[in-house]
Each structure stands twice: as structure tokens, then as C-alpha cells.
Amino acid sequence: MIQLKKRIEDLIEMELRSGSMEVITPVYGSRMLNVPLEEVEMLMKEIDKK
């Protein structure tokens, strides 16, 4: 789970650096990282709490 959390954070950072104005959704993260949506949703909620 820790590795997946890092991958999600890296994906968000990469999208921000590219100038993307789109909101990074759990569905997008799930598709890009090829992982179950439920896991991405749980970890993105955890990331948002920071």
C-alpha cells in the first residue's frame, strides 16, 4: 500500500507539473496505474487529509 500511495502522489505531481488543470480523480488514477478503484479512492482520501 505504501508503494501505491507513492505512485499516486507521483502521478498527481506529474500532472501538476505538466500544467494540467483537470482534477485528478480516483477513476483516472485507477486507470493510469492499473489498480483497483477502491484502493485508489482510499489512498487519495488519506492523501487529501494531509
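Everything that follows concerns the structure shown earlier in this document.
Everything in this summary refers to the structure shown in the same document.

This brings us to the pattern of salt bridges. With the rule as written, the count across this model stands at three salt bridges. A salt bridge links lysine 6 to aspartate 10; its shortest N-O distance comes to 3.0 Å. Of the two residues, lysine 6 and aspartate 10 are both situated in helix H1 (residues 2–17); the distance of four residues between them amounts to about one turn of the helix. By relative accessible area, which is 45% here, lysine 6 ends up partly exposed.

Our focus in this paragraph is unusual backbone geometry. Backbone geometry follows two general trends: most residues other than glycine have a negative phi, and most peptide bonds adopt the trans configuration. Non-glycine residue asparagine 34 carries a positive phi angle of around 55°. Inspection of the secondary structure puts asparagine 34 in the loop between helix H2 (26–33) and helix H3 (37–48).

Direction vectors running N to C along H1 and H2 enclose 105°, while the axes themselves pass 11 Å from each other. Overall, the two elements H1 and H2 adopt an arrangement that is roughly perpendicular. When H1 is examined against H2, the residues Leu4, Arg7, Ile8, Leu11 and Glu15 are found in contact with a partner set consisting of Tyr28, Gly29, Met32 and Leu33. A class-by-class count of the residues in the contact of H1 with H2 yields six nonpolar, one polar and two charged.

Judged by nonpolar contacts, Leu4, Ile8, Leu11, Ile24, Leu33, Val35, Val40, Leu43, Met44 and Ile47 together constitute the single largest core of ten residues. Of all elements in the fold, only H1 and H3 reach the threshold of two or more residues within this core. Broken down by element, this core gets its largest block of residues, four residues, from H3. Beyond its immediate sequence surroundings of up to four residues, leucine 4 is in contact with Leu33, Val35, Glu39 and Leu43.

This next bit is on the environment of valine 35. Relative to the assigned elements, valine 35 resides in the loop between H2 and H3. In this structure valine 35 comes out as buried when scored by relative accessible area, which is 16%. Along the primary structure valine 35 and glutamate 22 are separated by 13 residues, whereas in three dimensions their C-alpha atoms are 20 Å apart. When sequence neighbours within four positions are dropped, the list of residues in contact with valine 35 reads Leu4, Arg7, Ser30 and Val40.

Parameters at a glance
Residues numbered from 1 in each chain as written. Predicted model: local features only at pLDDT ≥ 70, side-chain atom pairs only at ≥ 80, totals over all residues. Heavy atoms only, no water. Salt bridge = Lys/Arg side-chain N within 4 Å of Asp/Glu carboxyl O. Helix = DSSP H or I, 4+ residues; strand = E, 2+ residues; numbered from the N terminus. Buried < 20%, exposed > 50% of the residue type's maximum accessible area, 1.4 Å probe, protein only. Axes fitted to C-alpha atoms, helices over the stretch in contact; angles between N-to-C directions. Parallel < 35°, antiparallel > 145°, perpendicular 65-115°, else oblique. Contact = heavy atoms within 4.5 Å. Nonpolar A, V, L, I, M, F, W, Y, C, P; charged D, E, K, R; others polar. Core = buried A, V, L, I, M, F, W, Y, C linked by side-chain atoms within 4.5 Å.

Everything listed is a geometric property; what it means functionally is a separate question.
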